[in-house]
Amino acid sequence: MGVLDIVPAGVLTGDNVRKLFDYAKENKFAIPAINVTSSSTANAVLEAARDIKAPIILQVSQGGSAYYAGKGLANDNQQASILGAVAAAHHIRTVAKAYGVPVVLHSDHCAHKLLQWFDGMLAADEAYFKEHQEPLFSSHMLDLSEESKEENIATCVKYFKRMAPLGIWLEMEIGITGGEEDGVDNTGVDNASLYTQPEDIYDVHAALSAISPNFSIAAAFGNVHGVYKPGNVKLQPDLLGKHQAYSSQKLGGKSEKPLYLVFHGGSGSTKEEIRTAVGNGVVKMNVDTDTQFAYLAGIRDFVFKKKDYLLTQVGNPEGADKPNKKFYDPRVWVREGEKTLSARVKEACSDLGNISECRNEFDRLSVIDLNIVRRPPVKKAPVEP
């Protein structure tokens, strides 16, 4: 039995999101969540998921949403971020089903200062629900980890009461993810804030489960956004097992792993750290820094390889009157970035055990191309356009 026996292809909402995460927990894999900033990056992520027959999560950040709408637009009241997030959601909804895999459409970190962006997306969900009986997005994240625990939980409860009737999954964060990403700078936080306590996790669960079971918790276990040198960050994914055990005991032991957990700051993590996190109930891992670099790598290598064909519109090593349009056409060099991004997404899926989940008895994936560019790539001659 594969995941398509549990949920359909295309964008999931409501209980289908929980069914997907339940299936992931039961089968001991997690799903990477890839930040997308354009139709090009979104399509490349979907292509990777299709190729390895894996469910996938596409997510937009506040800054990435503004970029999706266009950097030339004002964003003083989050209007560009709202517009871009909605545009991304409609694009992904339009094409997702054609790729034949389940897709979770998610919005990433929303700090207290960005709640205007969250409100705009939620209004779009409500408008979409009136017409289609489901929300525009699958899920949204509230990151109020910089606030007090009491305020964090109270604000999540307030929003979740509005989201749950629409069938929107809530992801919340308690404990801080270090580093800097998308304008949110936590590089100077106290190290103790990077490790969430089991009692805090249970308090979140108790408050939110009274509304709906459709929520997940990003618990801090030393996580840091961005790339870092080995040894500079001490991840403790074994703490997640302690969170599960504590909540299980408080809930009467009916489930060994009652929590849906999320791994933030996943770029640069070792495969062993990832395996431990997944074994402790992580169902979603964010991957952004590595996929940004991967998208660049294909374009960079193409430009280096073909630079003599990119200096002028006419004239190259093959002759002074030879046209160069087939080299500078954006569909050529952007496609090279899509290829390397897609390959990196496949690697993330492989690390998380998320391969061939959309299969049946007559459709098995036998070979996976994981020739990935994570560090500076091995030189390979690109395919001629």
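For the structure itself, consult the block above.
Residue numbers here run from 1 along each chain, matching the order of that chain's written sequence. Thresholds applied to this predicted model are a pLDDT of at least 70 for local features of residues and 80 or more for the giving and counting of side-chain atom pairs; totals over whole chains, interfaces and linings are not thresholded and use all residues. Only hydrogens and water are set aside when side-chain values are computed; all heavy atoms of the structure are taken into account.

1. Describing the packing of aromatic side chains
For step 1, the next point in the chain: When two rings of Phe, Tyr or Trp (its six-membered ring) have centres within 6.5 Å they constitute a pair, described as stacked for plane angles under 30 degrees, edge-to-face for angles over 60, and tilted for the intermediate range. Counted according to the given criterion, the structure contains eight aromatic pairs.
For step 2, the next point in the chain: Between F160 and F215, the aromatic rings sit 6.1 Å apart at their centres with planes inclined by 75°, giving edge-to-face as the arrangement. With a gap of 55 residues between them, F160 in helix α6 (residues 149-163) and F215 in strand β9 (residues 215-219) connect regions that are remote in the sequence.
For step 3, the next point in the chain: Remark: exposure states derive from per-residue accessible area (1.4 Å probe, protein chains only) relative to the maximum for the residue type, with buried under 20%, exposed over 50%, and partly exposed in between. A residue is classified by how much of its surface remains accessible, and F215, at 4% relative accessible area, is buried.
For step 4, the next point in the chain: Aromatic ring contacts, followed pair by pair, group F21, W169 and Y260 into a single cluster.
For step 5, the next point in the chain: Think of it as a cone above the ring: NZ of Lys or CZ of Arg counts as a charge over the ring if it is within 6 Å of the ring centre and within 35 degrees of the ring normal. Note that K25 overlies the ring of Y260, its terminal NZ or CZ placed 4.2 Å from the centroid.
For step 6, the next point in the chain: Seen from the ring of Y309, K306 lies directly overhead, with NZ or CZ sitting 5.5 Å from the centre. Secondary structure elements are defined from DSSP: runs of H or I of at least 4 residues count as helices, runs of E of at least 2 residues count as strands, and each element is numbered from the N terminus.

2. With respect to the nonpolar core
For step 1, the next point in the chain: Side-chain atoms within 4.5 Å link the members of a nonpolar core, which is a set of buried Ala, Val, Leu, Ile, Met, Phe, Trp, Tyr and Cys residues. Ranked by internal contacts, the top residues of the largest apolar core, which has 95 residues, are I56, L58, I92, V103, L208 and I217.
For step 2, the next point in the chain: Contacts are assigned to residue pairs that have any heavy atoms within 4.5 Å of one another. Ignoring anything within four residues of it in the chain, the contact list for I56 reads I31, P32, V45, L46, A49, P102, V103, V104, V345 and C349.

3. A short note on helix α2 (residues 39-52)
For step 1, the next point in the chain: The terminal C-alpha atoms of α2, which comprises 14 residues, lie 20 Å apart, in line with the 20 Å expected from a rise of 1.5 Å per residue.
For step 2, the next point in the chain: Taken across its 14 residues, α2 has ten buried, putting it largely inside the fold.
For step 3, the next point in the chain: S40, T41, A42, A44, V45, L46, E47, A48, A49 and I52 are the residues of α2 that are buried.
For step 4, the next point in the chain: Taken together, the buried residues of α2 touch β2 (31-35), β3 (56-60), α4 (79-96), β4 (102-107), α10 (289-305) and α12 (330-351). A helix is expected to reach a length of 1.5 Å times the quantity of its residues less one.

4. Considering the side chain of T41
For step 1, the next point in the chain: Examined against the element boundaries, T41 turns out to sit in helix α2.
For step 2, the next point in the chain: Filtering out sequence-adjacent residues up to four positions away, T41 remains in contact with V36, Y295 and L341.

5. Some details on the packing of α10 against α12
For step 1, the next point in the chain: Orientation of α10 relative to α12, taken along the N-to-C sense of each, is 140°, at an axis distance of 7 Å. Of the possible angle classes, the one that applies to α10 and α12 is oblique. For the crossing formed where α10 meets α12, the hand is right-handed. Taking contact as the criterion, the partners of D290, T291, A294, Y295, A297, G298, I299 and F302 in α10 are, on α12, V332, W333, V334, E336, G337, E338, T340, L341, R344 and V345.
For step 2, the next point in the chain: The nonpolar class holds Ala, Val, Leu, Ile, Met, Phe, Trp, Tyr, Cys and Pro. Asp, Glu, Lys and Arg form the charged class, and all remaining residues, Gly among them, are polar. For the contact of α10 with α12, the class distribution of residues is ten nonpolar, four polar and four charged. Helix axes are fitted to C-alpha atoms over the stretch in contact, other axes to C-alpha atoms as well, and angles between N-to-C directions run from 0 to 180 degrees. To sort the angles, those under 35 degrees are grouped as roughly parallel, those over 145 as roughly antiparallel, those from 65 to 115 as roughly perpendicular, and the leftovers as oblique. Each helix crossing is assigned a hand: it is left-handed if the near helix lies turned anticlockwise from the far helix by less than a right angle, otherwise right-handed if that turn is clockwise.

6. Let's talk about α4
For step 1, the next point in the chain: An ideal rise of 1.5 Å per residue puts 26 Å on 18 residues; α4 measures up with 25 Å between its terminal C-alpha atoms.
For step 2, the next point in the chain: Every buried residue belonging to α4 is among A80, S81, I82, G84, A85, V86, A88, A89, I92, R93 and A96, and all of these are buried.
For step 3, the next point in the chain: Summarising the contacts, the buried residues of α4 are in contact with β1 (10-11), α2, β3, α3 (62-69), β4 and α5 (115-132).

7. Regarding the pattern of salt bridges
For step 1, the next point in the chain: Salt bridges, as used here, are contacts in which a Lys or Arg side-chain nitrogen is within 4 Å of a carboxyl oxygen on Asp or Glu. For the coordinates displayed, the defined rule picks out 19 salt bridges.
For step 2, the next point in the chain: The closest approach of N and O atoms between K149 and D203, which form a salt bridge, is 2.6 Å. Placement of K149 in helix α6 and of D203 in helix α7 (residues 198-209) is noted, with a sequence separation of 54 residues between them.
For step 3, the next point in the chain: For K149, a relative accessible area of 26% translates into the label partly exposed.
For step 4, the next point in the chain: A salt bridge links K325 to D329; the shortest N-O distance between them is 3.7 Å.
For step 5, the next point in the chain: Take K325: its relative accessible area is 49%, and that puts it in the partly exposed class.

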